[in-house]
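Here is how the chains run, residue by residue.
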Amino acid sequence: MRLNSLFGLCALCGLASIARSEDVLIKTRDGVTLSAIVERPQTTGRVPTVMQFTIYANLDEDRKSTAEISARGYAAVVAYARGKHQSPDKPVPYEHDAADAHAVLDWIAKQPWSDGRVGMTGGSYSGFTAWAATKRRHPALKAIAVSAAAIPGQGLPMHNNVFVTDNYAWAFYVTNNKLLDETLYSDNQRWWKHPRDWFASGRPYRELDAVEGTPNPFLQRWLQHPSFDKYWQNMVPYGNEFARIDIPALTITGYYDGAQISALTYFKQHVARARGAEHYVVIGPYDHLGTHWSVKPTELRGYTIDPVAQLDSQELKLAFMDYVLRGKPRPALLADRVNYQVMGANEWRHAPSLGAMHGIPMRLYFSAQKSEAMYSLSNRQPPPGTQVVHEVDLADRVKFHNFHAAPFQIVQGPLEYVTESIFASDPFEVSTSVMGEFEGELVVKINKKDFDLGVTVFEAMPDGKLFNLATALHRASHADPEKRKLLAPGKEHRVKFATGLVARKMQPGSRLLVLVDANKHPYAQVNYGTGKDVSDESIKESSRSPGPRVNAPAGWHAPLRACTDIRASLSTDCNCRRPCCCTGAAGRRWARHHRNPSLRSDAVPVARPASR
């Protein structure tokens, strides 16, 4: 069914013939009505289509987007999730988008102005829907180009099985009306106060909406699925479904993009399972919104980005569509499969894989040796029996733990209100580049059945300032995101972690600081370690310790033993061929591992910390 409208776009007269715009309604096989806007160039011929599928119904912005796309000679379609714009149905985030996007693709392919080829673009939610559309492979879909693409259940509303409060208000924002509830969502004081009220109350996470006073049915629905189970798996390609995705893909993400965990998971799964997958990654010093923008801010939370990091994400996506749909040259930035900007070096580098980006990793060990209130991050394996005791009082509602995982500033002054155990490396003798993820393993012994581990990595610069590099957030019982395995109190367990991906040229004299803590603050679940569903635990659980206690009603005891280590990928900027002469004692350890292929890995679950 088509609704009448015709819009003259005189501002674009110099770019293309006047486009024709219309609103349409599209029926799905299950009887739902979807709403979309279509804009196409004034031509008698059939043309390829660039499509977005989104829950963010912002008509002014969407019409600007379709005008830009149609000016390039494409038919432009912005389709909305069920219940949005003119759809009479109820809005439901995530759950039906794979099938509904397929219905829109089917509709486009049957239109007289369509040449049967569609490329999908978008970012964040509309990046997710582009990938959701590949789950049910439609022959019309020829390419996707997305930024900060989300994976429901692996990013938000939970990260590595830890539910976070970042998008609590988001559910109201996108479902309260047919467009967007801007008034409610922009009430910053309300959404700052709410998680703190909940944290202070000590009530279960499942009562988050009761504390706030407004029922949140989508929160309650999501909390029924604390593992990455069928509910989440049905929303995006899963497992061997990636093997059937045989179209080119472009992923744009950022070192400070909260959706990096999702964006890179799509990439890893696709290239691992689809033989010869043509998939390109572009990553640089961008946060979540910055991954989408045509013009990046010159300063990101205290860090002045390198000039070469300026990137027009929208133009790159459309140039990728020109490459696939019109046979034009591939964008020059996509020189290899992985394309990353090295912060501080003012250059882009290119690698055929994440493993090749890593280069040769250096292994560092957590040591109990202490200096200036910090433990040592050593290149030597600590002697047997070495341990560090770290205690967390889960009943304390004044002190936040692991809060430095989400600093407001990327470049900042010395840490304040430290709760973490801090491990520091020796200074690097020359400028040294960190490229990839920090991967590590803790050998822990706790008096609980579970805990949530936070790890944060800083560059401590010679001038005393800190540069936030990467973070990790993991639930110890979820080494497998699909299946929970509780820890045995009082026994040793190995808990692996991996931070987000980063590329940074560090200054001579800089050191690495690694902060280790249990996660306990208002912006994520509090894991009391009883073994119950964490959403049902409350502060009352802190008075019942199911095992040995460590000087507190509720604490955890983490002995960091000889085999406990952290692995970082470092390269030096001197001209010699022996890394040992460039990085001092740490480099000598690095050199001894030079030919050990077991130290290289692409398997990295990336974590997103709770935001302030």
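Each value, and the rule that gives it
- Residues numbered from 1 in each chain as written.
- Predicted model: local features only at pLDDT ≥ 70, side-chain atom pairs only at ≥ 80, totals over all residues.
- Heavy atoms only, no water.
- Helix = DSSP H or I, 4+ residues; strand = E, 2+ residues; numbered from the N terminus.
- Contact = heavy atoms within 4.5 Å.
- Expected span 1.5 Å × (residues − 1).
- Buried < 20%, exposed > 50% of the residue type's maximum accessible area, 1.4 Å probe, protein only.
- Polar contact = N/O pair within 3.5 Å; in protein donor to acceptor, adjacent residues only side chain to side chain.
- Salt bridge = Lys/Arg side-chain N within 4 Å of Asp/Glu carboxyl O.
- Arc of directions from axis to C-beta.

A.B. asks: Just give me the short version of the side chain of Thr419, but keep the residues and values in it.
C.D. replies: Tracing the sequence through the fold places Thr419 in the loop between strand E18 (411-412) and strand E19 (421-424). Beyond its immediate chain neighbours, meaning those up to four positions away, Thr419 contacts His390, Lys399, Phe400, His401, Asn402 and Asp517.

A.B. asks: If you had to explain helix H11 (residues 313-325) to someone new, which residues and values would you point to?
C.D. replies: Taking 1.5 Å per residue, 13 residues should reach 18 Å; H11 reaches 18 Å between its end C-alpha atoms and fits that length. Within H11, 10 of the 13 residues are buried, leaving the element largely enclosed by the surrounding structure. Looking at the buried positions of H11, the neighbouring elements they touch are strand E4 (47-54), helix H1 (59-71), strand E6 (114-123), strand E7 (141-147), strand E10 (249-256) and strand E11 (279-287). The N-terminus of H11 is capped by Asp312, whose side-chain oxygen sits 3.2 Å from the backbone nitrogen of Gln314. Phi for Gly327, located one or two positions after H11, is positive at around 75 degrees.

A.B. asks: Now, about the side chain of Arg82: what can you tell me, with residues and values included?
C.D. replies: Take Arg82: it is sitting in the loop between strand E5 (75-80) and helix H2 (97-109). At 3.2 Å, the side chain of Arg82 forms a polar contact with the side chain of Asp30. Polar contacts involving the side chain of Arg82 include one to the side chain of Asp100, which spans 2.8 Å.

A.B. asks: Explain the pattern of salt bridges to me, using residue names and the numbers behind them.
C.D. replies: Taken as a whole and judged by the stated rule, the model has 22 salt bridges. When the shortest N-O distance is used, the salt bridge between Glu241 and Lys135 registers 2.6 Å. Residue Glu241 is found in the loop between helix H9 (230-233) and E10, and its partner Lys135 is found in helix H3 (residues 125-135); the two are separated by 106 residues along the sequence. Relative accessible area serves as the criterion here: at 21%, Glu241 is assigned to the partly exposed category. Ionic pairing is found between Asp450 and Arg484, a salt bridge with its closest N-O pair at 2.8 Å. Residue Asp450 is found in the loop between strand E21 (439-445) and strand E22 (452-460), and its partner Arg484 is found in the loop between strand E23 (466-475) and strand E24 (492-498); the two are separated by 34 residues along the sequence.

A.B. asks: Run through helix H6 (residues 188-201), naming residues and quoting values.
C.D. replies: With 14 residues, H6 should cover 20 Å at 1.5 Å per step; its first-to-last C-alpha distance of 20 Å lies within 8% of that length. Residues Trp191, His194, Pro195, Trp198 and Phe199 constitute the buried set of H6. Along the axis of H6, the buried positions cluster into a sector of 120 degrees, meaning they face one direction only. Where the residues of H6 are buried, they touch helix H4 (170-175), helix H5 (182-185) and helix H7 (208-212). In the segment just after H6, Gly202 is the residue with positive phi, at about 75 degrees.

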